[in-house]
Amino acid sequence: MQTPLLSIKNLRTYFHLDEGVLKAVDGVDLEMQTGQTLGIIGESGSGKSVMARSVMRLIAPPGRVEAGSQILLNTNDGEPVDIAQLPYDGDALRQIRGKSISMIFQEPMTSLSPVHRVGDQILEAVLLHVTRDKTEARAITLDAIQRVGIPNPERAFLSYPHELSGGLRQRIMIAMALACRPQLLIADEPTTALDVTVQWQILRLMDALRNDLGMAILYITHDLGVVAQIADTVAVMYLGQIVETADVFTIFERPLHPYTQSLLKSIPKVGAQSRQRLEAIGGTVPVPINLPVRCRFADRCQFVKPECSIAAPALRLVDNGHAVRCFLHHQEVEHGR
Amino acid sequence: MLNFIIRRFVFIAILLVLVSIVSFITIQLPPGDWLSAYVTALKVQGAQINEEIIEGLKIQYGLELPPVQQYFRWVTGLLQGDFGFSFSYSRPVADLLAERLPATIGISVLTIIVTYAIAIPIGIYSATHQYSPLDYTFSFLGFIGLSMPSFLLALILMFVGYKYFGLSIGGLNSPEFIGEPMSWAKFSDMLAHLPIPILIISLSGTAGLIRVLRGTLLDEIRKPYVDTARAKGLKERVLLYRYPVRIAINPLISTIGWLLPSVFSGQVIVSIVLNLPTVGPLLYEALRGQDTYLAGSIVMILSFFTVIGTLLSDILLAIVDPRIRIEE
């Protein structure tokens, strides 16, 4: 098995607030291979965005990636780097940001500077990481704009964000993220703010570019439909932890964690009786401050058992590539063997 | 853009006509006029004035005409560059203004420059170091600056300067230079006198701008495009100035236009207290003495600068902020 491109071990990102320590990400382990698309899915407040931002260390105080977290990146040139250990605003971290790892954000409306031409905003990254030569950088920028399927790149280069539609702006964001040919693209709900047809175009575009450039994509979303379309592997997050991970078919065919099962039941199905109510998961995601040591989903779980309130289950492998954090299935495995 | 500027000039012309009417009426509103006040004062002193002289003066100054005609006399004069005649100084208004306008404009421009030069760095520091000890210090001083009347500060500084440093900070020149022609010595003497009045006049504007800049910059720093820039691998300092500061400066640019009148009115009282040879005290005296043409001309010139300043800041804003491109 090849060495993973990205290997996250025990990632913990805490926000030190006056009310206490908010454990937004609390012990996440992940591995990503080159060319793989990993979909992270979870409700609002599950910590998926904070997790993704932690990978680039885009966490502002009072938030902090805690000591003991490990984010190993296998760069093209040489030794693996532990991003969690790099000094903030140091050269080493800035070499990774934008060059090895790029990020696309949720809001294409506000993620671009309103007073700079979009071409210049892409050019900036190219000048920083690829070449100091202005003419060459401009050519790379125009090529990137063309690649994301924008007709007339020269004109787009000179546009300001407010002159472009939401879909075009998100294409520009993708062009910006891909201009420096990163090994890993983190996409934090890039299509949530767009309408469905544009969403579909953007997803297809990202998938095609992944094949062309041979990069990996870490795709954050709360939309199961999007995950089904783009991901190879899926990790389900709940309250800062991964509760289940498997390849995309297994997650949809044979979900094991009660949380994953309820998530899947909450998708509207074409052809279902229109009178039939969608199943919602009861309760809301609690704020992860001062959580007791127990299963974090116990309060909302239909299958809750006595031991769920006493100990916290670990994420354990139950099948080839299928891990789940639930006592129900841990016992099944133990009894079965 | 050109269309826009032409259209704005038409509006400016209309606006100035309205300002001239309103200011003329306001100055004429109190009962009586300059001449009757003057005559009464002379009579109180026991002087014998015969009616013919009074009638002669009335005709000379145009005071026997109905107000509407007086207004048109004044306005047609203005259009030809004739600002009229000051009763109390017995000199053409144009001469009086020529003496004091350069110092007024000089002090105003310097005040605005100092205001920005102090407010922008402090505003940026306060926003990037929110709730730090220095931020609190600047906020505290800023609120004092906003709430303290500038003439009070002028008096305090004059007192402190005189008592502890033996300085006379009144006026723009030391007594020995008054009436002398301009020379290097006089010029450097003037430079030494300038800082305190300028600091006093700029204080409240500076404090206000610091609050505005700190607030907008705090908003901008949290916008997603800052994360985008950071995710590109830009240095913190570079991205701060290239993105959020660049955008937070825009509201300040749009204030240049109306900073001018507030600087001017702030300067009236400070100039009286500090005995500065600016237009401010002249306006004050003219309004008190119903010196119609002098007061009216000063108000007109001030309005003219204000509308032109506003137009300039609008054009400037359209240049730096592409979102405000003016519709053709």
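This structure is a prediction, so every number in the text was calculated from the model and none was measured.

If you tally the helices and strands in chain A, you get eleven helices and 13 strands. If one aligns the C-alpha atoms of chain A with their principal axes, the spans along those axes are about 65 × 50 × 45 Å. Evaluated residue by residue, chain A yields a buried proportion of 44% over its 337 residues. When contacts within chain A are restricted to residue pairs at least 6 apart in sequence, those whose partners lie at least 24 apart make up 63%.

The extent of an interface is frequently quoted as the accessible surface area lost upon association of the parts. Residues and elements named next belong to chain B. For chain B, the domain assignment lists domain 1 (2-88) and domain 2 (93-324). Distance from the C-alpha centre of domain 1 to the C-alpha centre of domain 2: 32 Å. Counting only elements with at least two residues in the side of domain 1 that touches domain 2, the list comes to helix H1 (2-28), helix H2 (34-44), helix H4 (67-79) and strand S1 (85-86). Among the elements that make up the side of domain 1 that touches domain 2, the one with the highest residue count is H1 (ten residues). Residues of the side of domain 1 that touches domain 2, tallied by class, amount to 14 nonpolar, six polar and two charged.

Residues and elements named next belong to chain A. In a regular helix each residue adds 1.5 Å, so twelve residues correspond to 16 Å; helix H3 (residues 118-129) covers 18 Å between its end C-alpha atoms and thus fits that length. Counting buried positions over the twelve residues of H3 gives ten, a clear majority of the element. Among all positions in H3, only Val118, Gly119, Gln121, Ile122, Leu123, Glu124, Ala125, Val126, Leu128 and His129 are buried. Residues of H3 that are buried sit in contact with helix H4 (134-147), helix H5 (153-157) and helix H6 (166-178).

Turning our eyes to something else, we now look at the nonpolar core. By size, the foremost hydrophobic cluster in this structure holds 133 residues, and its most contacted members are Ala175, Ala179, Ile186 and Leu218 of chain A. Counting residues per element, this core draws most heavily on helix H9 (residues 195-221) of chain B, at nine residues. Formed by 15 residues, the second largest nonpolar core is a distinct cluster that contains Trp74, Leu96, Ala286 and Tyr293 of chain B.

What counts and what doesn't
- Residues numbered from 1 in each chain as written.
- Chains lettered and ligands numbered in written order.
- Predicted model: local features only at pLDDT ≥ 70, side-chain atom pairs only at ≥ 80, totals over all residues.
- Helix = DSSP H or I, 4+ residues; strand = E, 2+ residues; numbered from the N terminus.
- Buried ≥ 20, exposed ≤ 12 C-beta atoms within 10 Å, placed from the backbone.
- Contact = placed C-beta atoms within 7 Å.
- Domains from an automatic or database assignment.
- Nonpolar A, V, L, I, M, F, W, Y, C, P; charged D, E, K, R; others polar.
- Expected span 1.5 Å × (residues − 1).
- Core = buried A, V, L, I, M, F, W, Y, C linked by C-beta atoms within 7 Å.

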